[in-house]
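# Structure assessment
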Amino acid sequence: MTTPARSSWAQALSPEWLPSFTAVPRAAFLPELMWPFDMDAATSVPVSRADDPDAWYGYADADVPVVTQWDDGQHTGRAPGHVSTSSASMPSVVFRMLRDLDVRPGDRALEIGTGTGWNAALLAHRVGAENVVTVEVDEAVADRARVALERFGAAVRVVHGDGYAGYAERAPYDRIIATAGLRRIPYAWVEQTRPGGLIVAPWGTHYGNGDGVARLVVAAEGASASGHFTGPVEFMKLRAQRLAPIDHDAYVTGDRDASSSALTEADVLGDDRFSPQRFVTGLRVPHCHHVVAPRGDGSQPVWFYGLTDRSWACALFRDGDTTRVWQSGPRRLWDEVEAAQRWWEERGRPGHERFGVTVTAEGQEAWVDDPAGAWAV
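This report concerns the structure included in the present document.

### Thoughts on helix 5 (residues 118-127)
Taking burial as the measure, the 10 residues of helix 5 include 8 buried ones, the bulk of the element. Within the span of helix 5, buried status applies to Trp118, Asn119, Ala120, Ala121, Leu122, Leu123, Ala124 and Val127. Looking at the buried residues of helix 5, the elements they touch are helix 2 (18-23), helix 4 (91-101), strand 6 (109-112), strand 7 (132-136), helix 6 (139-152) and strand 9 (173-178). At the exit of helix 5 stands glycine 128, carrying a positive phi of roughly 100 degrees.

Right, dumping it as structure tokens:
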């Protein structure tokens, strides 16, 4: 899990969480062999406490994400695996989300995604271990976290199960927090949260890997939850909601239409993967996934794939030249991307914080500024 560089400890660590941060070190929950993300090298690196304790503790205390499992536990050896599937999040992100959760001493809290157990231990320090339940889908990860929590003296309830269903046995909760990226927020969480309670979860669309932290308030009648996003993040996705790999060759066959566009690379991609353009396009162009291909010879290809049919588009952004476009299939995906960009410009280029999401028994809707103008996502 990574986050924009603009996040900082000073912004994330609010005064009420300082005692917990001091009392509950992340190092107590990290494995002997871990893979922190080296910001300078832009890659995960293996670090062993036995071989290099100084480096291990340095990374444990650093504001970097640390991978603790690869390939759903099938990985062996020291080298990084193919897909990171469990981690300890950047501390700045952990405390930013805990700040959004606004948890109070004595609150009953449900965590979705136990991981190392560090986040659950922080919650336990603030509200009491007896008030925290944490759910983990991976049995081996849950077992390791349970041992770490018990060893640390924070004996919260660790449940091996699918967090998408919540945990009704201890409901209702005052707060629910998820530490995995979601593409649909389950209504079960709304049902298991008391009216006026909060749900904090990373949420996004299959357009890309980026998420926004949704902070939802459960309505007085308990039938819905709604709220704004507090900022961008990127989390490992809930296992049940991962996007299957795109088979490029199955899409790009047959005839295609060629055209040009006035949109530039910056218009569509923004400054980085956390730019609002990508988040907005995902909201406005449903059931679509984009891939930024490697840049070469002053050109940047970006591919768009329909997820309900074989529609596709490709935009080739060229330095100092007109953007070339090809598209094929029942949907004109590039036309939809252009329309999304116009929509965003017409509303003053809103950032993540102006958007929100509402969850009901019927599904979920996104909106900008006012839920009255919501649309299904």
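More follows now that the structure is in view.
### Remarks on the sheet that holds strand 6
What the 10 strands build is an open sheet, ordered 8-7-6-9-10-11-12-18-19-20; its pairing is mixed. Here the strands that pair on one side only, and so sit at the sheet edges, are strand 8 (157-160) and strand 20 (375-376). Pairing of strand 10 (residues 193-203) with strand 11 (residues 211-218) involves 6 bridges; the strand directions are antiparallel. Residue pairing across strands places isoleucine 199 opposite leucine 216, the latter belonging to strand 11.

### Some words on the side chain of serine 299
Note on placement: serine 299 falls in strand 15 (residues 299-306). Residue contacts for serine 299: discarding those within four places in its chain leaves Leu316, Phe317 and Arg318.

### Looking at the pattern of salt bridges
Counted according to the given criterion, the structure contains 20 salt bridges. The closest approach of N and O atoms between arginine 194 and aspartate 174, which form a salt bridge, is 2.5 Å. With arginine 194 in strand 10 and aspartate 174 in strand 9, this residue pair connects regions lying 20 residues apart in the sequence. Via salt bridges that share partners, Asp72, Asp138, Arg239 and Arg242 belong to a single interconnected network.

### Overview of the sheet that holds strand 16 (residues 312-318)
With respect to topology, 5 strands assemble into an open sheet ordered 13-17-16-15-14, the strand pairing being antiparallel. Pairing within the sheet leaves two strands with one partner each, and these edge strands are strand 13 (257-261) and strand 14 (288-292). Strand-to-strand twist across the sheet, computed as the mean angle between neighbouring axes with direction ignored, equals 20 degrees. Examined bridge by bridge, strand 15 and strand 16 share 7 bridges and lie antiparallel to one another. Directly across from tyrosine 305, in strand 16, lies its bridge partner tryptophan 312.

### Topic: the nonpolar core
Looking at soluble globular proteins, one finds that nonpolar side chains tend to be buried together. Ranked by size, the top nonpolar core spans 34 residues in total, and within it Trp189 and Phe355 carry the most contacts. In this structure tryptophan 189 touches Ile112, Gly163, Tyr164, Ala165, Gly166, Ile176, Ala178, Leu182, Ile199 and Ala201, once residues within four positions along its chain are discounted. Phe29, Met97, Leu98 and Ala121 belong to the second-largest nonpolar core, a separate cluster that totals 31 residues.

### Details of the pairing of strand 16
A large share of strand 16 lies buried, amounting to 6 of its 7 residues. Taking the residues between adjacent antiparallel strands as the criterion, strand 15 and strand 16 are bridged by 5 residues.

### Comments concerning the packing of aromatic side chains
Applying the stated criterion across every chain yields a total of 17 aromatic pairs. Arranged with centres 6.3 Å apart and planes meeting at 65 degrees, the rings of tryptophan 17 and phenylalanine 95 form a pair that is edge-to-face. Of this pair, tryptophan 17 sits in the loop between helix 1 (9-12) and helix 2 while phenylalanine 95 sits in helix 4, and the two are 78 residues apart along the sequence. Taken together, the aromatic side chains of Trp203, Phe229, Phe279, Trp343, Phe355 and Trp375 make up a single cluster linked through ring pairs. The positively charged end of arginine 310 is found above the aromatic ring belonging to tyrosine 251, 4.7 Å away from the centroid.

### Quick notes on the side chain of histidine 75
Following the sequence through the fold, histidine 75 ends up in the loop between strand 4 (66-70) and strand 5 (84-88). In this structure the side chain of histidine 75 is engaged in a polar contact, spanning 2.5 Å, whose partner is the backbone oxygen of alanine 79. Not counting residues up to four positions away in its chain, the partners in contact with histidine 75 are Trp35, Trp70, Pro80 and Gly81.

### Points about the packing of helix 10 (residues 276-284) against helix 11 (residues 333-346)
For the pair helix 10 and helix 11, interaxial distance at closest approach is 9 Å and the crossing angle is 115 degrees. Here helix 10 and helix 11 pass one another in a crossing that is right-handed. Counting all contacts with helix 10, which are made through Pro276, Gln277, Val280, Thr281 and Arg284, the residues of helix 11 involved are Val337, Ala340, Gln341, Trp343 and Trp344. By residue class, the composition of the contact of helix 10 with helix 11 is 6 nonpolar, 3 polar and 1 charged.

### Focus on the pairing of strand 1 (residues 33-38)
Consecutive side chains of a regular strand alternate in pointing toward one face of the sheet and then the other. Taken together, the 2 bridges between strand 1 and strand 3 (residues 47-48) define a ladder with antiparallel strand orientation. Bridge pairing in strand 3 places methionine 34 opposite valine 47. The sheet contact formed by strand 1 and strand 4 spans 2 bridges and is antiparallel. Counterpart to tryptophan 35 in the pairing with strand 4 is valine 67.

Cut-offs used in this document
- Residues numbered from 1 in each chain as written.
- Predicted model: local features only at pLDDT ≥ 70, side-chain atom pairs only at ≥ 80, totals over all residues.
- Heavy atoms only, no water.
- Buried < 20%, exposed > 50% of the residue type's maximum accessible area, 1.4 Å probe, protein only.
- Helix = DSSP H or I, 4+ residues; strand = E, 2+ residues; numbered from the N terminus.
- Contact = heavy atoms within 4.5 Å.
- Pairing = 2+ DSSP bridges.
- Salt bridge = Lys/Arg side-chain N within 4 Å of Asp/Glu carboxyl O.
- Axes fitted to C-alpha atoms, helices over the stretch in contact; angles between N-to-C directions.
- Core = buried A, V, L, I, M, F, W, Y, C linked by side-chain atoms within 4.5 Å.
- Phe/Tyr/Trp six-rings, centres within 6.5 Å; stacked < 30°, edge-to-face > 60°.
- Lys NZ or Arg CZ within 6 Å of the ring centre and 35° of its normal.
- Polar contact = N/O pair within 3.5 Å; in protein donor to acceptor, adjacent residues only side chain to side chain.
- Left-handed = near helix turned anticlockwise from the far one by under 90°.
- Nonpolar A, V, L, I, M, F, W, Y, C, P; charged D, E, K, R; others polar.

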